[in-house]
Amino acid sequence: MTLPAPSSLPWQRATLERALALKTAGRLPHAILLADAGQRDIGDFVMQLVMLLLCDAPAGLEPCGGCEACRLLLAGTYADFGLVTLEVDEKSKKQSKNIKVEQVRELIHDLGLTRRYARLKVAAIYPAESLSRAGANALLKTLEEPAPGTLLLLVTHNAGRVPITLRSRCQCWNLRRPRPDEALAWLAERGLEADIATRYLDFARGDPVVAVELEAGDFAGLVGEFKHNFGRFIRGDVGVVGLCRTLLAQDADAVRRLLDLTLRAYCFRASGLDAGGGALAGADPANARELLRLQQRAGPRLQVDENNLDFQLQLEDVLISLKQIVTRRAS
Ligand SMILES: [Zn+2]
């Protein structure tokens, strides 16, 4: 592991400051549920937070990198820190669907052991919404009777899916999302012109870090290409299989994003509103309701394994449903 990047994301600083202030005052709770509304992996941020809490001599919000805790954490050998996350199968390279009870039991066992160092003992679970039911149950007792000097961090992208029995025993912290002006300023610092930044921020659903990644991969080019192919599909010049073939040549995340973007655009148009809440002509409430239902359904359905035939079938099904809705009035 490398030293976590400096806290270059201004909107995350408040959480680090809060944690550091509580540590300094000796008032850290036994358990924190850290909720992030985004979907981007925040494993690096979790490590930054843990290092900051364990470092003997942080400079502001930066861990020093040289003290015993920093050195051992960087080497992955700090005995008083445990992270439980989704396992990846060595052979198939597939990520497990949930965090297993055995993993949780091991973590609880380690938390109960005598501390090796004089610092806090920290255990983190991420993504906490993926805890199996048995795993969540196993955690309950630890949350009810925490060992002194321990901190349990439950990190989640979907706090609503973490059992209420766990949530109610944690201090709940929301990782703040960047405001649009903050995100645009951050993108400007990275050299993105305002109109490009605005466009990519929309592609990235407001996450400027994702916007930078998409811009580097010329996502706008993909959008243009997809619009062209999708238009041919709507007019009947190409069938669903042909359209899917062009899509499946892309990375699955890009495909999901393209579909989400298209569905959102149709939802706005049918609801008679633009993304800023302004009125558009041609509202069609019945279509808007159907499109919204399709959009809500499409997200989870396209989360299937992308190397699976099922991904193609789900994709075809969503595209056919979309075509049926948008061409109904025209025919
Ligand atoms: Zn340090």
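Our structure's up above, just so we're on the same page.
Calculation rules
Going along each chain's sequence as written, the residues are numbered from 1 onward. Given that this is a predicted model, residues contribute local features only at a pLDDT of at least 70 and side-chain atom pairs are listed and counted only at 80 or more, while totals for whole chains, interfaces and linings are drawn from all residues. Water and hydrogen atoms were dropped before computing side-chain values, which therefore reflect all heavy atoms in the structure. Shown as donors are all N, O and S atoms within 2.8 Å of a metal ion, widened to 3.2 Å for Na, K and Ca; because water is not in the atom set, sites may appear incomplete. The rule is simple: four donors are tetrahedral if all their angles sit between 85 and 135 degrees, four are square planar and six octahedral if opposite donors span more than 155 degrees and the others lie between 65 and 115, and anything that fits none of that is irregular. In this scheme, a residue with accessible area under 20% of its type's maximum is buried, one over 50% is exposed, and one in between is partly exposed, where area comes from a 1.4 Å probe on protein chains only. Nonpolar cores were defined as sets of buried Ala, Val, Leu, Ile, Met, Phe, Trp, Tyr and Cys residues, with membership established by side-chain atoms within 4.5 Å. For the purposes of this entry, the term helix denotes a DSSP run of H or I that reaches at least four residues, the term strand denotes a run of E that reaches at least two, and both are numbered from the N terminus. In this analysis, two residues are considered to be in contact whenever any of their non-hydrogen atoms come within 4.5 Å of each other. Paired strands, as defined in this entry, are two strands with at least two bridges between them according to DSSP. All axes here are fitted lines through C-alpha atoms, helices being fitted over the stretch that makes contact, and every angle between N-to-C directions spans 0 to 180 degrees. One side-chain nitrogen of Lys or Arg within 4 Å of one carboxyl oxygen of Asp or Glu is enough to make a salt bridge. A helix is expected to span 1.5 Å multiplied by its residue count minus one. As used here, the arc is the angular range of directions from the helix axis to the C-beta atoms.

**Q** Please give an account of the coordination of the zinc ion that cites residues and values.
**A** Protein coordination at the zinc ion: the donors are Cys 55 (SG), Cys 64 (SG), Cys 67 (SG) and Cys 70 (SG), at 2.3 to 2.4 Å from the metal. Considering all four donor atoms around the zinc ion, the spread of angles at the metal, 103 to 118°, places the coordination shape in the tetrahedral class. Going along the chain, you hit the donors of the zinc ion in the pattern C-x8-C-x2-C-x2-C. Its relative accessible area of 1% is what places Cys 70 among the buried residues.

**Q** Describe in detail the nonpolar core, supporting the description with residues and values.
**A** The biggest cluster of nonpolar side chains holds 48 residues, and the ones touching the most others in it are Phe 203, Phe 219, Phe 230, Leu 247, Leu 259, Leu 315 and Leu 319. Elements represented by at least two residues in this core include exactly helix H7 (180-189), helix H8 (194-203), helix H9 (208-216), helix H10 (219-235), helix H11 (240-248), helix H12 (252-271), helix H13 (285-301) and helix H14 (309-328). Look past the residues within four positions of Leu 315 in its chain and what remains in contact with it is Cys 244, Leu 247, Leu 248, Val 255, Leu 259 and Leu 302. Formed by 36 residues, the second largest nonpolar core is a distinct cluster that contains Leu 16, Cys 67, Leu 74 and Leu 120.

**Q** Please set out the sheet that holds strand S4 (residues 150-156) residue by residue, giving values where relevant.
**A** Sheet architecture is open: five strands sit in the order S2-S3-S4-S1-S5, paired in parallel fashion. For this open sheet the edge positions go to strand S2 (81-84) and strand S5 (171-175), each flanked by a neighbour on one side alone. On average, adjacent strands in this sheet sit at an angle of 20° to one another, irrespective of strand direction. With respect to the sheet, helix H1 (residues 13-24) is in contact with strand S1 (31-36) and S5, its orientation differing from that of S5 by roughly 145°.

**Q** Break down the pattern of salt bridges for me, with residues and values.
**A** Scanning all chains against the criterion turns up 16 salt bridges. Taking the shortest distance from any N to any O, the salt bridge between Arg 190 and Glu 189 comes out at 3.6 Å. The structure contains a network of salt bridges with shared partners spanning Asp 202, Arg 205, Asp 260 and Arg 264.

**Q** I'd like a rundown of unusual backbone geometry, residues and numbers included.
**A** The step from Tyr 126 to Pro 127 runs through a cis peptide bond, and the omega angle for that step is 0°. Looking at the element boundaries, Pro 127 is found in the loop between strand S3 (121-125) and helix H5 (133-144). Despite not being glycine, Arg 205 has its phi angle at roughly 50°, a positive value. Inspection of the secondary structure puts Arg 205 in the loop between H8 and H9. Its relative accessible area of 47% is what places Arg 205 among the partly exposed residues. Despite not being glycine, Asp 218 has its phi angle at roughly 50°, a positive value. Looking at the secondary structure, you find Asp 218 in the loop between H9 and H10.

**Q** Can you explain helix H2 (residues 43-54)? Please cite residues and give values.
**A** Its twelve residues give H2 an end-to-end C-alpha distance of 17 Å, which sits within 8% of 16 Å, the value for a rise of 1.5 Å per residue. Most of H2 sits out of view: ten of its twelve residues are buried. Listing the buried residues of H2 in full gives Phe 45, Val 46, Met 47, Gln 48, Leu 49, Val 50, Met 51, Leu 52, Leu 53 and Leu 54.

**Q** Give a detailed account of the environment of Gln 296, specifying residues and quantitative values.
**A** Note that Gln 296 resides in helix H13. Residue Gln 296 is classed as exposed on the basis of its relative accessible area of 54%. Spatially, the C-alpha atoms of Gln 296 and Gly 66 are 48 Å apart, while their sequence positions differ by 230 residues.

**Q** Got a sec to walk through the pairing of S1? Specific residues and values, please.
**A** By the criterion of burial, S1 is predominantly enclosed, with six of the six residues buried. Burial of S1 is two-sided: the residues Ala 31, Leu 33 and Ala 35 facing one way and the residues Ile 32, Leu 34 and Asp 36 facing the other way are all buried. Relative to S4, S1 is paired through five bridges, and the arrangement is parallel. Its bridge partner lying in S4, Leu 33 is registered against Leu 154. Bridge analysis of S1 against S5 gives five bridges, and the strand direction is parallel. The partner of Ala 35 across the bridge, within S5, is Asn 174.

**Q** Residues and numbers for H7, please.
**A** Taken together, the buried positions of H7 are Glu 182, Ala 183, Trp 186 and Leu 187. All buried residues of H7 fall inside an arc of 135° around its axis, so they share one side. Residues of H7 that are buried sit in contact with H8 and H9. Gly 191 sits one or two positions beyond H7 and adopts a positive phi of about 85°.

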